[in-house]
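Secondary and tertiary structure notes
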Amino acid sequence: MINIAVFASGKGSNAKALFSKARDLENLKISLLVTDQKDAGVIQWATENGLQVAIIEKRNHSKKEHEDLILKMLTEHQIDWILLAGYMRLLSSQFIDKFHDQKLERSRIINIHPSLLPEFKGLEAYERAYESSQDYSGISVHFVDAGMDTGPIITQERFDKSPADTLDEFKSRGLALEHKLYPQVLEKLNQYIAKNDIRTLYAF
Ligand code: GRF
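Now for a look at the structure at hand.

Cut-offs used in this document
Within each chain, residue numbers correspond to sequence positions counted from 1 in written order. In keeping with the predicted nature of the model, local features appear solely for residues at pLDDT of at least 70, side-chain atom pairs appear and are counted solely at 80 or more, and the whole-chain, interface and lining totals rest on all residues. Only heavy atoms go into the side-chain values, all of them from the structure, while hydrogens and water stay out. Axis lines are fitted through C-alpha atoms, for helices just across the contact stretch, and the angle between N-to-C directions can take any value from 0 to 180 degrees. Only runs of H or I of at least four residues qualify as helices and only runs of E of at least two qualify as strands under DSSP, and these elements are numbered from the N terminus. Convention used here: angles under 35 degrees read as roughly parallel, angles over 145 as roughly antiparallel, angles from 65 to 115 as roughly perpendicular, and any remaining angle as oblique. Left-handed is the label given to a crossing in which the near helix is rotated counterclockwise from the far helix by less than a right angle, and right-handed is the label when the rotation is clockwise. The contact rule is simple, with two residues in contact once any of their heavy atoms fall within 4.5 Å. Under this grouping Gly is polar, as are all residues other than the nonpolar Ala, Val, Leu, Ile, Met, Phe, Trp, Tyr, Cys and Pro and the charged Asp, Glu, Lys and Arg. Remark: exposure states derive from per-residue accessible area (1.4 Å probe, protein chains only) relative to the maximum for the residue type, with buried under 20%, exposed over 50%, and partly exposed in between. Whether a residue is near a molecule or strand is decided by its heavy atoms; if any one of them lies within 4 Å of it, the residue is near. Definition of a polar contact: a pair of N or O atoms within 3.5 Å, with one able to donate and the other able to accept a hydrogen when the atoms are protein atoms, and with sequence-neighbouring residues admitted only if both atoms are side-chain atoms. Areas reported here follow the Shrake-Rupley algorithm with a probe of radius 1.4 Å; residue values treat only the protein chains shown as occluding. Any two strands with at least two DSSP bridges between them are considered paired. Any Lys or Arg side-chain nitrogen found within 4 Å of a carboxyl oxygen on Asp or Glu counts as a salt bridge.

To continue, consider the packing of helix 1 (residues 13–22) against helix 6 (residues 167–195). Two measures define how a pair of helices packs: the angle their axes make with one another and the distance between the axes. Orientation of helix 1 relative to helix 6, taken along the N-to-C sense of each, is 40°, at an axis distance of 9 Å. Here helix 1 is positioned oblique relative to helix 6, judged by the angle of their axes. Classified by chirality, the crossing of helix 6 by helix 1 is right-handed. For the pair helix 1 and helix 6, contact is made by S13, N14, A17, L18, K21 and A22 and by L175, E178, H179, Y182, P183, L186 and E187, respectively. Of the residues that constitute the contact of helix 1 with helix 6, the class distribution is seven nonpolar, three polar and three charged.

What follows is the structure, given as structure tokens:
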């Protein structure tokens, strides 16, 4: 059984999708929600559902101090893996190194990004994809490295953009795909824990 922490800064629709999927999986447990925003919409939902929530604001801490506070909390909860779900901070390489898995040759940190990486890395990916001339966009789930949305991709899926779409319609089509794809990755992670074979993580 592995312990997972989900990191979220906002509404937490992906965090919710992950939590409900995790209930059906026998080899892993989401035991902590970490947020850097005391007003994050996801906090109320998590508390109502009996989940442990750690609100760790950056405020006047340096990046290192802030990350050290988070690491201390992760150690207390014996966290093995981290799933970033709309966590709006770039983790330092020192932080990521603490979750380096020698056998995987990757970090035990996964992120979801709303574009077909390497397109539209960074902030406002939906907005930039919407404004582009492309008639499609996509969602990527990837391992985290020290770059901005640059780590090895686990899975990607495309969705269509129609000329009639408003930005909201375009985003909600993408979010629906996020809510399908991230729980699928969690399921693969569950199989990986059982089989200890990295190929299970990529078998989509
Ligand atoms: C999602 O679009 C995710 O891909 C991006 O931030 C957004 C978070 O949405 N990294 P939510 O908080 O999970 O609803």
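Anyway, onward from the coordinates.
A word on the environment of K195. Take K195: it is sitting in helix 6. On the basis of relative accessible area, K195 is assigned to the exposed category, the value being 56%.

Attention now goes to the site of the ligand. Inspection of the region around the ligand gives K11, G12, S13, N14, G86, I112, P114, Y126 and E178 as its neighbouring residues. With respect to the ligand, the side chain of S13 contributes an N or O atom lying 2.5 Å from an oxygen atom. Taking N14, its main chain carries an N or O atom lying 2.8 Å from an oxygen atom of the ligand. Protein chains bury 85% of the 370 Å² of accessible surface belonging to the ligand in isolation.

It is worth spelling out the pairing of strand 7 (residues 109–113) at this point. With respect to burial, strand 7 is a largely interior element, five of its five residues being buried. With burial as the criterion, each face of strand 7 is covered, one bearing I109, N111 and H113 and the other bearing I110 and I112. Bridge count for strand 4 (residues 81–84) against strand 7 is three bridges, and the pairing is parallel. Note on strand 7: the bridge partner recorded for I82 is I109. Relative to strand 8 (residues 136–143), strand 7 runs antiparallel, the two being bridged by four bridges. Its bridge partner lying in strand 8, I110 is registered against F143.

As a working rule, side chains carrying opposite charge can pair if their charged atoms are close by. In total, this model carries 12 salt bridges according to the counting rule given. In this structure, the salt-bridge partner of K21 is E187, at a minimum N-O distance of 3.1 Å. Placement of K21 in helix 1 and of E187 in helix 6 is noted, with a sequence separation of 166 residues between them. On the basis of relative accessibility, which here comes to 21%, the residue K21 falls in the partly exposed class. When the shortest N-O distance is used, the salt bridge between D197 and R199 registers 2.8 Å.

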